[in-house]
Amino acid sequence: MNCPRCQGLIAADDVSLEHLIAKCRSCQEVFRFSPSEIEAVSAGEPRYDAGAFTEQPPLDPLPDVDLRAPLSLRAPRPPSIEIEDWGPNRKLVKRWFNYSYIGTAMFCVFWDGFLIFWYSMAFFGDGPWLMILFPMLHLLAGVCITYSTIAGFFNRTEITLDGGLLTVWHGPIPWFGQMSTSAGAIEQLYCMEMPNHWNNRRNYQAPLVSVNALLASGKTVPVVRSLAREEALFIEQQLEEWLEIVPRRVPGQVD
């Protein structure tokens, strides 16, 4: 099989027959292929003619492969994530900002400006109490949207492995989701699609994904939430490499 981009030969280790996806080591192109392409390649391969030999060559022993572990390709590093590696102290840094926050900021200017105008009329124009109480839900929504937009412009997520401790920090604008756990207590890492009420919060076209950790105690804890699929898969892959965890399939996980 050849890469559709650079026509380089694809190694067998970089082909996932389960997911019908492959990756080129030369140009880093990741592409899908169809079962018919596999049949076409197989049909063009030279076949072994048993009659040409008085005795057949011995077969090589099969390698010791864990069939429970799915064949996977390395996820490329998204531009929003940086790696800081200082020996035993390792850190993944994800910037929150993307261009969607510019549109949200413009909405906040309009929404908050209207509320400021409304309440200035209510307080300084001797308006009735109903005029003050009626838009309270709009005020609460404005505060939440404005706060999350400011956090989107300035915040980052830092996932740090230091001294056998895995910590997750969001800041500098205070945000929920901080966590800290012993790295030795983590048995497995996997990605899951988040519930619909999270995915509909900002009308994302693609579903949001979380990276979860399965602990030795049997408890599952979220490591990072609200990620794009490629971000979540890269973080899972990098943490598994640092923690030397062999990937195991979890029902319902995102591949």
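Criteria and cut-off values
Residues numbered from 1 in each chain as written. Predicted model: local features only at pLDDT ≥ 70, side-chain atom pairs only at ≥ 80, totals over all residues. Heavy atoms only, no water. Helix = DSSP H or I, 4+ residues; strand = E, 2+ residues; numbered from the N terminus. Buried < 20%, exposed > 50% of the residue type's maximum accessible area, 1.4 Å probe, protein only. Contact = heavy atoms within 4.5 Å. Areas by Shrake-Rupley, 256 points an atom, 1.4 Å probe, with all protein chains shown as cover. Expected span 1.5 Å × (residues − 1). Pairing = 2+ DSSP bridges. Axes fitted to C-alpha atoms, helices over the stretch in contact; angles between N-to-C directions. Phe/Tyr/Trp six-rings, centres within 6.5 Å; stacked < 30°, edge-to-face > 60°.

1. Concerning the overall build of the protein chain
When helices and strands are tallied, the protein chain shows six helices and eleven strands. Looking at the protein chain as a whole, 32% of its 255 residues are labelled buried. In the protein chain, of all internal contacts separated by at least 6 residues, the share reaching a separation of at least 24 is 51%. A total accessible area of about 16800 Å² is found for the protein chain, and carbon and sulfur atoms account for 61% of it.

2. Thoughts on the environment of I159
Note that I159 resides in strand β6 (residues 156-162). Since its relative accessible area comes to 2%, I159 is described here as buried. For I159 and V93, which are 66 residues apart along the polypeptide, the C-alpha to C-alpha distance reads 6.5 Å. Setting aside anything within four residues of it in sequence, one finds I159 in contact with R90, K91, L92, L166, T167, V168, V224, I235 and L239.

3. Concerning helix α2 (residues 100-124)
What sets the pattern is the α-helix's 3.6 residues per turn: residues three or four places apart point alike. Over its 25 residues, α2 runs 36 Å from end to end, which matches the ideal 36 Å to within 8%, given 1.5 Å per residue. Among the residues making up α2, those that are buried are Y101, C108, L115, Y119 and A122.

4. Observations regarding the sheet that holds strand β7 (residues 165-171)
Strand order in the open sheet made by the five strands is β4-β5-β6-β7-β8, with antiparallel pairing throughout. The two strands at the open ends of the sheet, each matched to only one other strand, are β4 (81-86) and β8 (179-182). Across the sheet, the mean angle separating the axes of adjacent strands is 10 degrees when strand polarity is ignored. Across the face of the sheet, helix α6 (residues 229-243) comes into contact with β4, β5 (89-95), β6 and β7 while running at roughly 175 degrees to β5.

5. Digging into the sheet that holds strand β2 (residues 21-23)
Read from one edge of the open sheet, three strands run β1-β2-β3, paired in antiparallel fashion. Where the open sheet ends on each side, the last strands, each with one partner, are β1 (15-16) and β3 (30-32). Here β1 runs beside β2; their pairing, made up of two bridges, is antiparallel. Of the residues in β2, the one forming a bridge with V15 is A22.

6. A look at the side chain of K91
For K91, the location among the structural elements is in strand β5. Excluding residues within four positions of it along the chain, K91 makes contact with E82, I83, E84, E158, I159, T160 and W242.

7. Re the packing of aromatic side chains
According to the stated counting rule, one finds eight aromatic pairs in the structure shown. With a centroid separation of 6.0 Å and an interplanar angle of 40 degrees, the aromatic rings of F114 and W118 are classed as tilted. Residue F114 and its partner W118 are located together in helix α2, separated by four residues, close to a single helical turn. F114 sits in the partly exposed class, given a relative accessible area of 45%. Through successive ring pairs, a cluster of aromatic residues spans W96, Y147, W175 and F176.

Distances and angles like these do not, on their own, reveal function.
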